[in-house]
Amino acid sequence: MRKNFGPLSDVYPMPVFIVAAYDGNGKANCMNAAWGGIYEHNQIMVCLSHGHKTTKNIKESKAFTVSIADAKHIVEADYVGVESGNNEPDKMKKAGFTTVKSEFVNAPVINELPMTVECDLLKFNEDGICIGKIINISADESVLGDDGLVDPEKLEAITFDPYHNAYLKLGEKVGNAFSDGKRLK
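What comes next concerns the included structure. (Residues numbered from 1 in each chain as written. Predicted model: local features only at pLDDT ≥ 70, side-chain atom pairs only at ≥ 80, totals over all residues. Heavy atoms only, no water.)

**Observations regarding the sheet that holds strand E11 (residues 158-161)**
Move 1: Pairing is antiparallel in the open sheet, where 3 strands are placed in the order E1-E11-E12. Each of the sheet's edge strands pairs with one partner strand only, and the pair in question is strand E1 (14-15) and strand E12 (166-169).
Move 2: Pairing of E1 with E11 involves 2 bridges; the strand directions are antiparallel. Among the inter-strand pairings, Pro15 is bridged to a residue of E11, identified as Thr159. (Pairing = 2+ DSSP bridges. Helix = DSSP H or I, 4+ residues; strand = E, 2+ residues; numbered from the N terminus.)

Next comes the structure, spelled out in structure tokens:
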């Protein structure tokens, strides 16, 4: 038997994205955003309210980064979601985040988060959908496997559980995409 929950905005997994952008003075700000994902080939989308400091920065700078929050930085990732850059000008510093400028877009890369999607702004819809063209994805060598690719177990990405207001760690391999289903052919 199933339990009905009605029309909620809850799906699994919900990524924990840390979205960052520069303001007009080149100061970095970031925020936690759980509503987002791939929009089209080489495009990412995040749903951001217009009042966020990071939203204003993205509109001004026309670029942003999306870092994947990891298990090692849960406190920091949660902090940048509960504190507003409109109220706390040193939010990044208080979170313990340091940045370098992306080599590819006019946006900050957060050094402490090991994987970042670097984007040029394509459009920001009236309903808060921010769409970026993926220019580059960078990953710290500490999260790469022997094959030179991102190792999900090393990355320890977290997801948001909206039913329990919890963060869960991802990473265990349970199958092979585009392969296991062929057994049913």
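So that's the structure; there's more coming.
**Brief notes about the pattern of salt bridges**
Opposite charge on two side chains permits pairing when their charged atoms draw close.
Move 1: With the rule as written, the count across this model stands at 5 salt bridges.
Move 2: Lys94 is paired through a salt bridge with Glu88; the nearest N and O atoms lie 3.2 Å apart.
Move 3: You can call Lys94 exposed: its relative accessible area is 58%.
Move 4: A relative accessible area of 15% means that Glu88 is categorised as buried. (Salt bridge = Lys/Arg side-chain N within 4 Å of Asp/Glu carboxyl O. Buried < 20%, exposed > 50% of the residue type's maximum accessible area, 1.4 Å probe, protein only.)

**Details of the nonpolar core**
Move 1: The biggest cluster of nonpolar side chains holds 22 residues, and the ones touching the most others in it are Val19, Ile44, Leu48, Ile58, Phe64 and Cys130.
Move 2: The set of elements that each furnish at least two residues to this core consists of strand E2 (17-22), strand E3 (28-33), strand E5 (43-47), strand E6 (63-68), strand E9 (115-124) and strand E10 (129-139).
Move 3: Here the element with the most residues in this core is E9; it accounts for 5 residues.
Move 4: Residues Tyr22, Cys30, Ala77 and Val80 belong to the second largest nonpolar core, which totals 15 residues. (Core = buried A, V, L, I, M, F, W, Y, C linked by side-chain atoms within 4.5 Å.)

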